[in-house]
Every structure is written in C-alpha cells, then in structure tokens.
Amino acid sequence: MARGCICCVKYMLFLFNLLFWLGGCGLLGVGVWLSVSQGSFATLSPSFPSLSAANLIITLGTVVMVTGFLGCLGAIKENKCLLLSFFIVLLVILLAELILLILFFVYTDKVSENARRDLKEGLVLYNTDQNAGLTDAWDTIQGEWHCCGVMSYHDWYSALQVVPDRCCQHVFHDCGRNASNTFWTRGCYEKVEEWLDDNKHLLGTIAMCVLVIQLLGMAFSMTLYQQIHRAGKKFRA
C-alpha cells in the first residue's frame, strides 16, 4: 500500500515537473531568440541596462528549467536530497515573490515616481549609438499604443527638442520635427497603468494559478520525501 502511494505521488510529481521543465525550455528559447534577433525588445531604463525583456525571459526560463529538472530527477530517482532541494528552491521563490509584492504595495508611490523619472532620463538615449534597442522599443510602444513620451509629448522636447515620428497621429518621415503636427497626447506610462488596471483580474488569476502550481509542487515533493523516508525506515527495521 505504501509503495503504491509512493509510485502515485512519484509519477504525478514527475509529470508535473516535466511540463514545468518543458515550459522553461520554451521560455529560454524565446528569450534567446529575442536577444539575438529582436533588438526592439530592449530596456527603457538607463539605470538598469540589463533589465530587458529578453534577459528577463532568459532568467525566468533558466530558473524554471533548473527547478523542473530538480523535481523530475528527484521524483524518478526517488532521491531525498534532490526532492528537498526542489522544495527549498520553490520555497525561496515563493518567499521572494511575497516579499517583492509586499514591498511593491508598501512603496507603490515611490516606485511609480522613480520609474517615471528613470524613463524620462532615458529619453536622451533615443537615436544614439549603442542604443538601437531602446530606440526601437520606444518606436514600437508609441506606434502600437498610440501614446507619446512618458507623461506626454512634452517629455521629448525636454530631452531632445524634437518629437519622434511615431508620436504623430499621421506618421510620415520627419513629421515629429513639425510642431504643427498632431501628436498623441497621452503618455505611455499612463497607458500602461490603464492597461494594468483593465487587466487586473486576468493578472490576478494568472498570479493565483502560479501560486497554486508552486504550492502543489511543494506539497507533492514533501509528500514523496516523507513517503520515501518512512519506507526507508521500515526497510532498515
């Protein structure tokens, strides 16, 4: 009976982490592809030049892959050390997420103020050497979101004395240099905040799903660990 319980939990944990590992492989592949071929997905922050979409996805994919690998190998080998390592990694990730979430809500105004200031400071790097990714990122965001600058198109005048062409409601070459043209009046920061507010229920659902997956992984690993430990004690006895 005990052996059957171990096998059931073992294969559930293995399948769970196999999917986890495959998801990590997919994320890592997307991140590498973005890093190699899609320079438009670069960081907009001069203070955190490595905080780009590609680097974030690569980091996330690597963490997911390593975690899934520990879970898969620990389950199939019934190795208590690997199972405990898997549990600890998930616990550390969960605690880090909770700490970051608490800090974000406690310092929401401060985070928002620093983010706006940092983004405005980064505008001076637009169309400069070694910052093609930042330039493409701003062009993509402003063109697809129909926004201009951080808070408004006046941010560009403060930084560069000229507005990028993608800020024009009717885009054509050098339209941003003509002050008589009509620019998008809403800032991109406001548009992002609006999008987050409109999709808060979806984001909350995704966050809850991630939390449930992490808790299930921890429960499965600890259950299998305890079952193996008890079986080992009975065998030695």
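Residues numbered from 1 in each chain as written. Predicted model: local features only at pLDDT ≥ 70, side-chain atom pairs only at ≥ 80, totals over all residues. Heavy atoms only, no water.

1. Thoughts on the environment of Leu134
Right, on to step 1. Secondary-structure assignment places Leu134 in helix H5 (residues 132-145).
Right, on to step 2. Taking C-alpha positions, Leu134 is 8.7 Å from Gly122, a pair spaced 12 residues apart along the chain. (Helix = DSSP H or I, 4+ residues; strand = E, 2+ residues; numbered from the N terminus.)

2. Remarks on the packing of aromatic side chains
Right, on to step 1. This structure, assessed with the given rule, holds seven aromatic pairs.
Right, on to step 2. Relative to Phe220, the ring of Phe16 has its centre 6.2 Å away and its plane inclined at 80°; by these criteria the two rings are edge-to-face. On the criterion of sequence distance, the pair formed by Phe16 in helix H1 (residues 2-37) and Phe220 in helix H8 (residues 200-236) is long-range, its members being 204 residues apart. Accessibility assignment for this pair places Phe16 and Phe220 in one class, buried.
Right, on to step 3. Note on Tyr153 and Tyr157: the rings are 6.2 Å apart at their centroids and 75° apart in plane angle, and the pair reads as edge-to-face.
Right, on to step 4. Its relative accessible area of 22% is what places Tyr153 among the partly exposed residues.
Right, on to step 5. Judged by its relative accessible area of 29%, Tyr157 falls in the partly exposed class.
Right, on to step 6. One aromatic cluster is present, built from ring pairs that chain together Tyr126, Trp138 and Trp156. (Phe/Tyr/Trp six-rings, centres within 6.5 Å; stacked < 30°, edge-to-face > 60°. Buried < 20%, exposed > 50% of the residue type's maximum accessible area, 1.4 Å probe, protein only.)

3. Points about the pattern of salt bridges
Right, on to step 1. Tallying each qualifying case throughout the model produces four salt bridges.
Right, on to step 2. Notably, a salt bridge pairs Lys200 with Asp197, separated by 3.6 Å at the nearest N-O pair.
Right, on to step 3. The class for Lys200 is partly exposed, based on a relative accessible area of 46%.
Right, on to step 4. Taken together, the shared-partner salt bridges connect Arg186, Glu190 and Glu194 into one network. (Salt bridge = Lys/Arg side-chain N within 4 Å of Asp/Glu carboxyl O.)

4. Here we look at the side chain of Ser152
Right, on to step 1. Note that Ser152 resides in the loop between H5 and helix H6 (154-160).
Right, on to step 2. Owing to a relative accessible area of 16%, Ser152 belongs among the buried residues under this scheme.
Right, on to step 3. With sequence-adjacent residues up to four places away left out, Ser152 is seen in contact with Thr185 and Gly187. (Contact = heavy atoms within 4.5 Å.)

5. Overview of the nonpolar core
Right, on to step 1. Within the largest apolar cluster, 18 residues are counted, with the highest numbers of intra-cluster contacts made by Leu123, Trp138, Cys148, Val150, Trp156, Val163 and Cys167.
Right, on to step 2. Going through the elements one at a time, H5, H6 and helix H7 (188-198) are the ones with two or more residues in this core.
Right, on to step 3. Counting residues in each nonpolar core, the second largest holds 15 residues, with Val9, Met218, Phe220 and Leu224 among its members. (Core = buried A, V, L, I, M, F, W, Y, C linked by side-chain atoms within 4.5 Å.)

6. What to know about helix H4 (residues 108-122)
Right, on to step 1. Helix length check: H4, at 15 residues, gives a terminal C-alpha distance of 21 Å against a target of 21 Å (1.5 Å per residue), a fit within 8%.
Right, on to step 2. Turning to H4, its buried residues are Ser112, Asp118, Leu119 and Gly122. Looking down the long axis of H4, one finds its buried residues gathered within 135° of arc, a one-sided arrangement.
Right, on to step 3. As for H4, its buried residues are in contact with H5 and H7. (Expected span 1.5 Å × (residues − 1). Arc of directions from axis to C-beta.)

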